[in-house]
Amino acid sequence: MTPWYYRFRGYILGLLAVILLLTPGTGAPILRSESIIAAVLLLAGATLRIEARRSIGEHTRKKLHEASELVTTGIYAHLRHPLYLSNSIIALSAVIFHLGFNPSALPFIIVVALFETALARAEDRFLQGKFGELWEVWAKRTHAFWPAFITNTEQNALKRTFFTAFCADWSTWAWLTFFNLILLLKKFF
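Structure report, in brief.

Each value, and the rule that gives it
All residue numbers here refer to positions counted from 1 along the written sequence of the relevant chain. Only residues with pLDDT of at least 70 are given local features in this predicted model, and only at 80 or more are side-chain atom pairs given and counted; all residues enter the totals for whole chains, interfaces and linings. Calculation of side-chain values draws on the structure's entire complement of heavy atoms; hydrogens and water are dropped beforehand. Put simply, DSSP marks the helices as runs of H or I at least four residues long and the strands as runs of E at least two long, and each gets a number from the N terminus on. Think of it in three bands: residues with accessible area under 20% of the maximum for their type are buried, residues over 50% are exposed, and the middle band is partly exposed, with areas taken using a 1.4 Å probe on protein chains only. Using a 1.4 Å probe, accessible areas were evaluated by the Shrake-Rupley method; residue-level cover was limited to the displayed protein chains. A helix is expected to span 1.5 Å for every residue after the first. By construction, the arc corresponds to the directions joining the helix axis to the C-beta atoms. Residues are treated as being in contact if the distance between any of their heavy atoms lies within 4.5 Å. Nonpolar cores were defined as sets of buried Ala, Val, Leu, Ile, Met, Phe, Trp, Tyr and Cys residues, with membership established by side-chain atoms within 4.5 Å. For each structure, a 1 Å grid was placed over the protein atoms alone; sets of points admitting a 1.4 Å probe that cannot get out are labelled cavities, open sets with protein on both sides within 12 Å along at least five of seven lines are labelled pockets, and lining residues have an atom within 4 Å of a point. Grid points are joined across faces, edges and corners, and a volume is the space filled by probe spheres set on the points. Classes in brief: Ala, Val, Leu, Ile, Met, Phe, Trp, Tyr, Cys and Pro nonpolar; Asp, Glu, Lys and Arg charged; the others, Gly included, polar. As a rule, the C-alpha atoms of each element are fitted with a line to give its axis, helices using only the stretch in contact, and angles between N-to-C directions run from 0 to 180 degrees. Just so you know how the angles are binned, under 35 degrees is roughly parallel, over 145 roughly antiparallel, 65 to 115 roughly perpendicular, and the rest oblique. Salt bridges are defined by distance alone: a side-chain nitrogen of Lys or Arg within 4 Å of a carboxyl oxygen of Asp or Glu.

### Here we look at the overall build of the protein chain
A tally of regular secondary structure across the protein chain gives eight helices and zero strands. The order of α-helices and β-strands along the protein chain, N terminus first, is α-α-α-α-α-α-α-α. Here the protein chain holds 189 residues, and 46% of them are scored as buried. Counting every atom, the protein chain has about 10,900 Å² of accessible surface; 70% of that belongs to carbon and sulfur.

Structure, rendered in structure tokens:
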């Protein structure tokens, strides 16, 4: 059975984003060390997300768990949950950009990390139930959020180009662009 929080994951992350927007920011100038670190994190998270989508192949957003195959190639040869990790990195970039390095950022970071970890665990349970021993072998050699540097002849078998992977996530990029524009506007007004 799919957990309720998995079915509503986009709404939950959206609610956290709105709460972040409603939280008073640092009001500091745009060109500061926190902004540079946030930009680097945003780029790293987006790159990781695109690489994951390149490996997955065809994918649609659904409220229920579905998987026609266990993807263990590309970035998934090194990491079990690159999409959840990319979400966490992108969220961290927004928190740092908006709040900087101060104690008010910590609750957001903790909540997002716990939420993405819960999603990853729910997905692990689903995949283990569906793929059994195949999942167990893969899970033993790949960590959930920390890359495992292994040699695998199939690790580079990508199903999409960079462009098609980017386009497959168009709604995510639209949301992130809108959200980051609002964060930028808050810095100036």
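Now that the structure is up, let's keep going.
### A look at helix H8 (residues 170-188)
Look at H8: 27 Å from first C-alpha to last across 19 residues, which is about the 27 Å you get at 1.5 Å a residue. Turning to H8, its buried residues number three or more, namely Thr 172, Trp 173, Leu 176, Phe 179, Asn 180, Leu 183 and Lys 187. Each buried residue of H8 sits inside an arc of 135° when the element is viewed along its axis, so together they form one side. In this structure, H8 carries Trp 170 and Phe 188 as exposed residues pointing more than 90 degrees from its buried face. Buried residues in H8 make contact with helix H2 (9-22), helix H3 (33-56), helix H4 (82-99) and helix H7 (162-168).

### Some remarks on the nonpolar core
Judged by nonpolar contacts, the single largest core of 13 residues is most densely connected at Leu 20, Ala 94, Val 95, Leu 99, Phe 108, Phe 179 and Leu 183. Considering every element that reaches this core, the biggest residue donor is H4, with five residues. With near-sequence residues (within four places) excluded, Phe 179 lies in contact with Ala 17, Leu 20, Leu 21 and Ala 94.

### Examining the layout of surface pockets
The computed volume of the second largest pocket comes to approximately 180 Å³. Surrounding the second largest pocket, ten residues form its lining, Ala 39, Leu 42, Phe 97, Asn 180 and Leu 184 being those nearest its centre. Listed by contribution, the elements that provide at least two residues to the lining of the second largest pocket are H3, H4 and H8. In terms of residues, the lining of the second largest pocket owes the most to one element, H3, which gives four residues. Residues that form the lining of the second largest pocket fall into these classes: seven nonpolar, three polar and no charged.

### Re the packing of H2 against helix H5 (residues 105-131)
Close contact between H2 and H5 brings their axes to 12 Å; oriented N to C, the two are set at 175°. When the axis of H2 is compared with that of H5, the two are roughly antiparallel. Between H2, through Arg 9, Ile 12, Leu 13, Leu 16, Ile 19 and Leu 20, and H5, the contact on the second element is made entirely by Phe 108, Val 111, Val 112, Phe 115, Glu 116 and Leu 119. Considered class by class, the residues forming the contact of H2 with H5 number ten nonpolar, no polar and two charged.

### Comments concerning H4
Spanning 18 residues, H4 covers 25 Å between terminal C-alpha atoms, matching the ideal 26 Å at 1.5 Å per step. Counting buried positions over the 18 residues of H4 gives 15, a clear majority of the element. Just past H4, the residue Gly 100 takes up positive phi, approximately 70°.

### Quick notes on the packing of H4 against H8
At a closest axis distance of 10 Å, the pairing of H4 and H8 adopts a crossing angle of 10°. When the axis of H4 is compared with that of H8, the two are roughly parallel. Residues Ile 90, Ala 94, Phe 97 and His 98 of H4 lie in contact with H8, whose contacting residues are Leu 176, Phe 179, Leu 183, Leu 184, Lys 186 and Lys 187. Grouping the constituent residues of the contact of H4 with H8 by class yields seven nonpolar, one polar and two charged.

### Quick look at the pattern of salt bridges
In the structure shown here, the tally under the stated rule is three salt bridges. One salt bridge connects Arg 32 with Glu 34, and the closest N-O pair in it is separated by 3.1 Å. Accessibility expressed as a relative area gives 12% for Arg 32, which makes it buried. Where Asp 124 meets Arg 80, a salt bridge forms, and the shortest distance between an N and an O atom there is 3.0 Å. One end of the pair, Asp 124, is in helix H5; the other, Arg 80, is in the loop between H3 and H4, with 44 residues separating them in the sequence. Each of the two residues, Asp 124 as well as Arg 80, counts as buried.

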